[in-house]
Amino acid sequence: MRPPTETDFHSPLHDDRVVARIGVWLGLSLSICFVTGLFSHYQQHPVSWLPLGPNPAWGYRVTQGLHITTGTAILPLLLAKLHSVYPRLFRPPQRSLGYLLEKLSIAVLIAATSFQLITGLMNVAQWYPWGFGFTGAHHAAAWLVIGGLLVHIAVKLPLIRSALAAALPDGGAPPGRFGFDPDGATRRGFLIAVLSVTGGIVVLTAGQTVAPLRRLALLAPRRPDVGPQGLPINRTASAAGVTAAVTGASWRLELAGPTGTRSLSLADLAALGQHRVELPIACVEGWSAQARWTGVRIRDLVRSAGGDERSAVRVESLEKSGSYRISTLPAAFVNDSRTLLATGLNGGVLNLDHGYPARLIAPNRPGVLQTKWIHRLTVLTEEAS
């Protein structure tokens, strides 16, 4: 038997008109996922050329929700695209630069996108069986995805334009390379099925960010209204090695700055004056929820330690280990009146798993940087920061 060739496949589902339309949806999803992913990455790893501040307060909630939602939508779109184009795998090789660029871009695009999907979904499920750093690898692979996508579009642009301009039905015209479909019902039905599956997955996932869809979030690993004090928990105190022994009556907040170091108890913090704000907590896994927080403004603590509007703050947790045990709060967030050293949540004292006795809450900031179980704040001068 001879090996199959592209002409052996006659289903209308492999037509260029179908491939191009699914490709547009996939390209848009990849682009949105890429841009929102960059926003998340640079929130966690700031760069001087992209200052990201506390406004809008809901910014990270929206962008990371879009990132996870579009990332999930990519899975059925990628599978549908691969199904529609697989006969091209049997196309005889050609000696041309365009052919080589096409095949190379496809290989990079499929491999990098698959890596992003697999590791991204594992991250959402908080399962890390690999030995490399997720954020660095995810960021690097994202550039491979977008690079492969741009090269692929550039190579295939003439075909994409003609395919999108053509109607789905064959009508009275002779069929093209693939099966004759007079009214376009087969092609149209396949595209509707792809959109329906993708839309269904989005609806069943987006509820972890979009409140009206909360009860439909069957595919989301967690609902944003389930947990102590009405919020879910990503990392418990037990997992972080934080016990009641170190958060009890002997706990003190160390506040270090140009004027020296002070130790403040919870009673001392309460005496400084309490402020209430409503801010979302938004995590990299895609879930987010609005909550009412009570505590002391960080900027007031900074001023009392000798800092000014240029001062950043190093935040240290009681956690024994972890990539985010120590973080830096930039001056733009420090100066925002909504940034608190929170001691209360939704009308009650912080639950231990939510960061008791004190945690950070700031607008437009990833959940991993909203440090819990804080025991030391160090005011950084402009030179030190």
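Structure report, in brief.

About the cut-offs
- Residues numbered from 1 in each chain as written.
- Predicted model: local features only at pLDDT ≥ 70, side-chain atom pairs only at ≥ 80, totals over all residues.
- Heavy atoms only, no water.
- Helix = DSSP H or I, 4+ residues; strand = E, 2+ residues; numbered from the N terminus.
- Areas by Shrake-Rupley, 256 points an atom, 1.4 Å probe, with all protein chains shown as cover.
- Lys, Arg positive; Asp, Glu negative; His and termini not counted.
- Charge placed at Lys NZ, Arg CZ, Asp CG, Glu CD.
- Phe/Tyr/Trp six-rings, centres within 6.5 Å; stacked < 30°, edge-to-face > 60°.
- Buried < 20%, exposed > 50% of the residue type's maximum accessible area, 1.4 Å probe, protein only.
- Pairing = 2+ DSSP bridges.
- Axes fitted to C-alpha atoms, helices over the stretch in contact; angles between N-to-C directions.
- Expected span 1.5 Å × (residues − 1).
- Bend = angle between axes of the 7 residues up to and from the residue.
- Patch = residues over 30% accessible without salt bridge, like charges linked within 9 Å, V, L, I, M, F, W, Y side chains within 5 Å.
- Salt bridge = Lys/Arg side-chain N within 4 Å of Asp/Glu carboxyl O.

This paragraph deals with the overall build of the protein. Looking only at helices and strands, the protein features ten helices and ten strands. Counting every atom, the protein has about 18000 Å² of accessible surface; 64% of that belongs to carbon and sulfur. Averaging the locations of the 35 positively and 22 negatively charged side chains of the protein gives two centres separated by 2 Å.

On to the packing of aromatic side chains, then. Applying the stated criterion across every chain yields a total of seven aromatic pairs. Between Phe9 and Tyr86, the aromatic rings sit 5.3 Å apart at their centres with planes inclined by 85°, giving edge-to-face as the arrangement. Placement of the pair is Phe9 in the segment before helix H1 (16–44) and Tyr86 in the loop between helix H2 (59–85) and helix H3 (97–124), with a sequence separation of 77 residues. In this structure Phe9 comes out as buried when scored by relative accessible area, which is 15%. Relative to Trp130, the ring of Tyr128 lies with its centre 5.7 Å away and its plane at 80°, an arrangement referred to as edge-to-face. Within the aromatic cluster, the residues linked to one another by ring pairs are Phe115, Tyr128, Trp130, Phe132 and Phe134.

Take the sheet that holds strand E1 (residues 253–257) next. Spatial strand order, E2-E1-E10-E5-E6: five strands in an open sheet with mixed pairing. Two strands bound the open sheet, and with one partner strand each, they are strand E2 (260–264) and strand E6 (326–329). The average undirected angle you get between the axes of adjacent strands in this sheet is 20°. Two elements, strand E5 (residues 312–317) and strand E10 (residues 374–380), share six bridges in a ladder whose sense is antiparallel. Across the sheet, residue Val315 finds its bridge partner in E10, namely Leu377.

Attention now goes to H2. End to end, H2 covers 37 Å across 27 residues, agreeing with the expected 39 Å (1.5 Å per residue, within 8%). Along H2, the helix axis deviates most sharply at Leu75, where the bend reaches about 25°; the proline Pro76 sits within four residues downstream. Counted residue by residue, H2 has 21 buried out of 27 residues, so it is predominantly covered.

The subject of this paragraph is a nonpolar patch on the surface. A surface patch of nonpolar side chains, about 360 Å² in accessible area, is lined by Ile32, Trp58, Val62 and Leu66. Position of Val62 among the secondary structure elements: in helix H2.

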